[in-house]
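Residue-level structure breakdown
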Amino acid sequence: MAVGLARYEFPGKKLYRGVAYLPLIIPDIAIAVATLVCLAAFAIPLSLWTIVAAHIVFCLAYVGLVVASRLTNLDPHLEEAALDLGATPTQAFIQVLLPQLMPGILAGCLLAFVLSLDDFLIASFTAGSGSNTLPMEIFSRIRSGVKPDINALSVMLISVSAIVALIAELIRASGENKSFK
């Protein structure tokens, strides 16, 4: 999505860009209700798959925005050079552009994972009977008071998040050191 919006011209590009970034500015409750209405209009039964589909639609805008920001910092002449040297457009994309976009793609995926893990409203509106996500389970358990298992889960989530952030920072710092040498 980000590469298409940044590099190509097509009819309705401005409209598509505006619609693609709507999940960034629309409140979660409105997205949840609209998703539920859409699913009901097409008579799609609620299940784990409707939760997954809703979260993919919700998170695509965030991934697209992060990848687009990475794309603006890339040298477009590298891709042109690959094409001049005989690479097909697909080869140039896979071998030249994609490796340069990978940090942005990974950052977008991590952001999407965190947003999806945190999103209670969209999950609760699109879940069928028997479908349960971690936020929904935590919410249902804390209604009767916070128990030690929820505290332990919170500590685990914070620890894993801190470790992932530390590893990402170490990788970023080592990449900066290599680029200065």
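Residues numbered from 1 in each chain as written. Predicted model: local features only at pLDDT ≥ 70, side-chain atom pairs only at ≥ 80, totals over all residues. Heavy atoms only, no water.

We now examine helix 6 (residues 76-84). Regarding helix 6, its N-cap is Asp 75, as a side-chain oxygen of that residue lies 3.1 Å from the backbone nitrogen of His 77 further along. Just past helix 6, the residue Gly 86 takes up positive phi, approximately 105°. (Polar contact = N/O pair within 3.5 Å; in protein donor to acceptor, adjacent residues only side chain to side chain. Helix = DSSP H or I, 4+ residues; strand = E, 2+ residues; numbered from the N terminus.)

It is worth spelling out the UniProt feature "domain: ABC transmembrane type-1" (unreviewed entry) in the chain at this point. When the UniProt feature table is mapped onto this chain numbering, "domain: ABC transmembrane type-1" (unreviewed entry) sits at residues 1-168. The span residues 1-168 is 79% helical and 0% strand by assignment, and the distance between its end C-alpha atoms comes to 25 Å. (UniProt positions renumbered as here; feature names shortened; annotations may be inferred.)

One can describe the packing of helix 6 onto helix 7 (residues 89-118) by two numbers: an axis separation of 9 Å at closest approach and a directional angle of 150°. Considering the angle they form, helix 6 stands roughly antiparallel to helix 7. Here helix 6 and helix 7 pass one another in a crossing that is right-handed. Across from Leu 78, Glu 79, Ala 82 and Leu 83 in helix 6, the residues of helix 7 making contact are Pro 89, Ala 92, Val 96, Leu 97 and Gln 100. (Axes fitted to C-alpha atoms, helices over the stretch in contact; angles between N-to-C directions. Parallel < 35°, antiparallel > 145°, perpendicular 65-115°, else oblique. Left-handed = near helix turned anticlockwise from the far one by under 90°. Contact = heavy atoms within 4.5 Å.)

Relative to the assigned elements, Leu 134 resides in helix 9 (residues 134-142). Counting along the chain gives 32 residues from Leu 134 to Met 102, while the straight-line C-alpha distance between them is 28 Å. Excluding anything up to four places from it in sequence, Leu 134 contacts Leu 117, Leu 153 and Leu 157.

Take Val 155: it is sitting in helix 10 (residues 148-180). With 123 residues separating them in the primary sequence, Val 155 and Ala 32 have C-alpha atoms 29 Å apart.

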